[in-house]
Amino acid sequence: MALVQHENTQRIIEVGADDLPLHCPTPAMIAWDSHPRVFLPIEVKGEALCPYCGTMYVLKGGAVAHGH
């Protein structure tokens with residue numbers, strides 16, 4: 001399967017469970033080296049905002065429940 005690249009100007013990106021653990025920038029971004037890689041805790045609320053570029057990531061299906 002070919003990697004679909006996204007412009008870093010896209011401000012809301014929907015991601016799935018296959019993208020976890022989530023970090024920004026993602027390998028799918030054209031400018032993947034635009035800022036330091038930061039891991040985002042999207043599993044907690046179902047969404048996460050990158051502190052560097054302001055991209056909002058939304059998890060398909062919402063937050064992930066964690067069992068003990």
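Just above sits the structure.
Nothing here was measured: the structure is a model prediction, and the numbers come from that model.

Concerning the overall build of the protein
Here is step 1: A tally of regular secondary structure across the protein gives 1 helix and 5 strands.
Here is step 2: In the protein, the succession of α and β elements from N to C terminus is β-β-β-α-β-β.
Here is step 3: For the protein, the proportion of its 68 residues judged to be buried stands at 32%.
Here is step 4: Taking the intrachain contacts of the protein between residues at least 6 apart in sequence as the baseline, contacts between residues at least 24 apart amount to 34%.
Here is step 5: On the protein, roughly 4,800 Å² of surface is accessible, and the fraction owed to carbon and sulfur atoms is 58%.

Regarding the sheet that holds strand 4 (residues 47-49)
Here is step 1: Pairing is mixed across the open sheet formed by 3 strands, whose spatial order is 1-5-4. Among the strands making up the open sheet, the edge pair consists of strand 1 (12-15) and strand 4. Direction aside, neighbouring strands of the sheet carry axes that sit 20° apart on average.
Here is step 2: Note that strand 4 and strand 5 (residues 56-59) share 3 bridges and pair antiparallel. Bridge pairing in strand 5 places Leu-49 opposite Met-56.

Some points on the state of the cysteines
Here is step 1: Going through the model one piece at a time under the given rule, you end up with 0 disulfides.
Here is step 2: For Cys-24, which is in no disulfide, the shortest distance to another cysteine sulfur is to Cys-50 and amounts to 3.6 Å.
Here is step 3: Summary of cysteine pairing: Cys-53 is not part of a disulfide, and the nearest cysteine sulfur, belonging to Cys-24, is at 3.7 Å.
Here is step 4: Overall, the relative accessible area of 23% leaves Cys-53 in the partly exposed class.

A look at the pairing of strand 1
Here is step 1: Residues of strand 1 alternate between two faces, with Ile-13 and Val-15 buried on one and Ile-12 and Glu-14 left unburied on the opposite face.
Here is step 2: Taken together, the 4 bridges between strand 1 and strand 5 define a ladder with parallel strand orientation. When the bridges of strand 5 are listed, Ile-12 appears paired with Met-56.

Procedures and definitions
- Residues numbered from 1 in each chain as written.
- Predicted model: local features only at pLDDT ≥ 70, side-chain atom pairs only at ≥ 80, totals over all residues.
- Heavy atoms only, no water.
- Helix = DSSP H or I, 4+ residues; strand = E, 2+ residues; numbered from the N terminus.
- Buried < 20%, exposed > 50% of the residue type's maximum accessible area, 1.4 Å probe, protein only.
- Contact = heavy atoms within 4.5 Å.
- Areas by Shrake-Rupley, 256 points an atom, 1.4 Å probe, with all protein chains shown as cover.
- Pairing = 2+ DSSP bridges.
- Axes fitted to C-alpha atoms, helices over the stretch in contact; angles between N-to-C directions.
- Disulfide = S-S within 2.5 Å.

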